[in-house]
Amino acid sequence: MDHHTLLDLFDRQTRRDARPDAPDSTVERVGDVVRQTGPAHGWNGVLWSDLDAARADGAIAEQVRHFTALGRAFEWKLYAHDRPAGLGERLRAAGFVAGPEEALMVAEAAGPGATGTAPPEGVELRAVTDEAGVALVTEVHERAFGTDATLLGRRLLDQLAARPQTVVAVVALAGDRPVGSARLELPPGTVFAGLWGGGTVPEWRGRGIYRALVAHRARLAAERGHRYLQVDASDMSRPILRRLGFTPLSTTTPYVYEP
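Because the structure is a prediction, the values reported are computed rather than measured.

Enquirer: Sorry, what's going on with the overall build of the protein chain here?
Expert: For the protein chain, the count of helices and strands is eight helices and 12 strands. Its C-alpha radius of gyration of 18 Å places the protein chain within 12% of the 18 Å reference for a compact globule of 259 residues. In terms of overall dimensions, the protein chain has a C-alpha envelope of 60 × 40 × 30 Å along the principal axes. Split into buried and exposed, the 259 residues of the protein chain put 49% on the buried side. Partitioning the intrachain contacts of the protein chain with sequence separation of at least 6 by distance along the chain shows that 69% fall at a separation of at least 24. Approximately 12,000 Å² of the protein chain is accessible, and the part contributed by carbon and sulfur atoms is 52%. Each charge sign in the protein chain was given a centre, from 30 positive and 33 negative side chains, and these centres are 2 Å apart.

Enquirer: Which parts of the structure should I look at to understand the packing of helix α5 (residues 131-145) against helix α6 (residues 150-162)?
Expert: The axes of two packed helices give the description: the angle between them and the distance between them. At their nearest, the axes of α5 and α6 sit 9 Å apart, and the two run at 145° to each other. Between α5 and α6 lies a crossing whose hand is right-handed. Contacts from E131, V134, V137, T138, H141 and E142 in α5 reach T150, L152, G153, L156, L157 and L160 in α6.

Enquirer: What is the right way to look at helix α7 (residues 209-223) in this model?
Expert: Counting along an α-helix, one turn takes 3.6 residues, and residues three or four places apart therefore face a common direction. Look at α7: 21 Å from first C-alpha to last across 15 residues, which is about the 21 Å you get at 1.5 Å a residue. Listing the buried residues of α7 in full gives I209, Y210, A212, L213, V214, A215, R217, A218, L220 and A221. Looking one or two residues past α7, G225 carries a phi angle of roughly 90°, positive in sign.

Enquirer: Where do I start with the pairing of strand β8 (residues 167-174) in this structure?
Expert: When a strand is regular, its side chains alternate between the sheet's two faces. Counting buried residues in β8 gives eight out of eight residues, a clear majority hidden from the surface. Residues V167, A169, V171 and L173 point to one face of β8 and V168, V170, A172 and A174 to the other, with burial holding for every one of them. In this structure, strand β7 (residues 123-128) lies alongside β8, joined through six bridges in antiparallel fashion. Across the sheet, R126 pairs through a bridge with V171, a residue of β8. Taken together, the eight bridges between β8 and strand β9 (residues 177-185) define a ladder with antiparallel strand orientation. By the bridge assignment, A174 is partnered in β9 with R177. From the end of β8 to the start of β9, which pair antiparallel, there are two residues, and G175 there has a positive phi angle of about 70°.

Enquirer: Honestly, the nonpolar core in this entry has me stumped. Any pointers?
Expert: Taken as a class, soluble globular proteins show a tendency for nonpolar side chains to be buried jointly. Ranked by internal contacts, the top residues of the largest apolar core, which has 21 residues, are L184, L229, L241 and F246. Going through the elements one at a time, β6 (102-108), β10 (192-200), α7, β11 (228-233) and α8 (238-243) are the ones with two or more residues in this core. The element contributing the most residues to this core is α7, with five residues. Residues V46, L51, F67 and L91 belong to the second largest nonpolar core, which totals 16 residues.

Cut-offs and rules
Residues numbered from 1 in each chain as written. Predicted model: local features only at pLDDT ≥ 70, side-chain atom pairs only at ≥ 80, totals over all residues. Heavy atoms only, no water. Helix = DSSP H or I, 4+ residues; strand = E, 2+ residues; numbered from the N terminus. Rg over C-alpha atoms; globule rule 2.2 N^0.38 Å. Buried < 20%, exposed > 50% of the residue type's maximum accessible area, 1.4 Å probe, protein only. Contact = heavy atoms within 4.5 Å. Areas by Shrake-Rupley, 256 points an atom, 1.4 Å probe, with all protein chains shown as cover. Lys, Arg positive; Asp, Glu negative; His and termini not counted. Charge placed at Lys NZ, Arg CZ, Asp CG, Glu CD. Axes fitted to C-alpha atoms, helices over the stretch in contact; angles between N-to-C directions. Left-handed = near helix turned anticlockwise from the far one by under 90°. Expected span 1.5 Å × (residues − 1). Pairing = 2+ DSSP bridges. Core = buried A, V, L, I, M, F, W, Y, C linked by side-chain atoms within 4.5 Å.

Everything listed is a geometric property; what it means functionally is a separate question.
Structure, rendered in structure tokens:
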């Protein structure tokens, strides 16, 4: 499948026709904007828009009113190919704060899983199914990325309890010490599975744990019928993913509004 066809398929299945990612969230289309609204600990934000210069500011103001009325911070997930040109500047003018730009990268699910590496000697990859496992995932996330993972843990527990078929979480253990973790999102009705939250604690980096986590999740995605993997890749993970066969489709930047 060529680049433009694949990007169009990604936009349609994972953004325009997206389904809620949690049991207590809803996705709705309001004009030319698709948004998800959920609880305070869930993901709230704009998934897709198809705007022009004449309608953009009004659509932005409508989303601010909607989420502010609920007391929710929210994210406008902006992609480089979204219209109109300059939408990021309009979001900044409306009070949004931009996060780091990431590369949208994709690969055939059968690729990284078939050629990926096993974890290093002494490290075991273990499925996360309960609260104790989620605590290990959040511990790794906080050490790897330096951010509070409390809300992430609550969202993961909700998914595992209500929709376990749509998410896989895995932790890398060196003995009883968590040294890496990652999640795999398996949205029904799409050919795309999402790789999220892959991280390794600083003292264990450079030993192949991240590659092993990618390969492990790729195999699971292929087994469950998803053809492609997609990941929002940071500068740190992008070179590793390229070596595993991922190619860039676009870039994405989170614009966050705090009411």
